[in-house]
Amino acid sequence: MKKQYLVAVGLVALIVIWMVMPRGERADDDRYAISEDQPQINVVPESASMSGSGEDFTVRARRVNADMFTQSVSVRGRTQADRLVDVRAETAGRIIGTPVAEGERVRQGDTLCELAMDTRQSDLQEALSRVEQTRREYEGAQDLQRRDLESSVSVSQRKAAYDSAVAAAARAELAVERTKIKAPFDGIMESRLVEVGGYMDMGGVCATLMDDRPMLLVAQVPELEVGKLELGSQVTGRLVTGERVQGTLTYIARAADNMSRSYRIEVALNLQDDQLIRQGVSTDIQIAANQSRAHLVPPSSLTMDDQGMVGVKTLNSDNVVEFHHVEIVGESTDMTNPGFWVAGLPDQVTLITLGQELVFAGQQVNANFDWAQQ
């Protein structure tokens, strides 16, 4: 125990000696001290070169010429048949025939539904007989009148009876014809709503007939875009099925839709005889609109000025940088030459394609055209 006490006392003595031992003056750590000297800011005039000599700075450039650009109006629409009509019965009767199957193509005059004749044929025969009788009576009255044996009043009565019989015969003949409900135009029988054995009232729907020649594209064009369109313009459509179609703009509405303030358009498609396009397929529609001269510039060449206006930087004949405001009028999706079509430039310009963010208007630089295609 005595030995342990001696070790503890020795450790305490060493600690006390270490704490009171002088170590010299400690240098102050002034890394975070606030300097009394004010920072200096160098201001470079806008007209001065950032590198001392502007001609020492080189930018990549390319010469761009204006070309004819056709603006297009893009809308979302759908396919629609030229006509979709419910073919209705003009007389009542029992159905005894449906010779056309659903989905089958028919020609004008083909029978879609046939009604039972019932007494219509006999009524027609009776009416024809009545016509013959009244005709003979009328002709006899005329002969007697020529011999002054019949009054003109009696002849007029015979004439009225004859005309009435002719009209009755025409009605009876029409009733017979109406037992066969026929296609009013060439098309496809989209659906048949009756079957053999059923009864159809006057005005009942026999079938729905669709005229798909021509097939149409219909869409609503915003009021800001409709002024760019002209009848006869070429139209390209891309169906959601992936199929592409071509057509001609045939109709532009004069009155806007009350809810959307947009205008209805119709496009007649140019289809092959064996090409089948269904109605109601969603379609992206591109309509050729106004033509103007514009430049195709790479997207990287577009920049903005201090006011936030979009433009490009070009070089004049002395290699001095100029800034031009431009208007983006279209986009090129060609993978070999993508970019934006812009308006507002001279016909031929030397466009800065790389380094435009490092130079300013009025600065004279060197131009490198070796990278013109990059």
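As the structure is a computational prediction, the values presented were derived from the model and not from experiment.

**Points about the nonpolar core**
In step 1: Ranked by size, the top nonpolar core spans 27 residues in total, and within it L229, L249, I265 and I287 carry the most contacts.
In step 2: Looking at this core, the elements with two or more residues in it are β2 (67-88), β9 (205-222), β10 (234-239), β11 (244-252), β12 (262-269) and β13 (282-297).
In step 3: Here this core takes 5 residues from β9, the largest share from any one element.
In step 4: Setting aside chain neighbours within four positions, we find L249 in contact with L229, E230, L231, G232, S233, V235, I265, E266, V267 and I287.

**Observations concerning the confidence of the model for the protein chain**
In step 1: Per-residue confidence for the protein chain averages 85 on the pLDDT scale, and 89% of its residues sit at or above 70.
In step 2: Across residues 31-35 the pLDDT falls below 50, and counting only partners more than four positions away or on other chains, this stretch makes 0 contacts in the model.
In step 3: This model gives residues 37-54 a pLDDT under 50, and the stretch forms 12 contacts once residues within four places in sequence are excluded.

**Structural notes on the side chain of T134**
In step 1: Here T134 is to be found in helix α2 (residues 120-146).
In step 2: The class for T134 is buried, based on a relative accessible area of 0%.
In step 3: Excluding residues within four positions of it along the chain, T134 makes contact with A161, Y162 and A165.

**Things to note about the sheet that holds strand β5 (residues 111-115)**
In step 1: A sheet is described by the order of its strands in space; here 4 strands give the open sequence β6-β5-β3-β8, paired in antiparallel fashion. Of all the strands in the sheet, just β6 (180-182) and β8 (199-200) have a single pairing partner and so form its edges.
In step 2: Pairing of β5 with β6 involves 3 bridges; the strand directions are antiparallel. Residue pairing in the sheet places E114 in a bridge with K180 of β6.

Parameters and conventions
Residues numbered from 1 in each chain as written. Predicted model: local features only at pLDDT ≥ 70, side-chain atom pairs only at ≥ 80, totals over all residues. Heavy atoms only, no water. Core = buried A, V, L, I, M, F, W, Y, C linked by side-chain atoms within 4.5 Å. Buried < 20%, exposed > 50% of the residue type's maximum accessible area, 1.4 Å probe, protein only. Helix = DSSP H or I, 4+ residues; strand = E, 2+ residues; numbered from the N terminus. Contact = heavy atoms within 4.5 Å. pLDDT = per-residue confidence, 0-100. Pairing = 2+ DSSP bridges.

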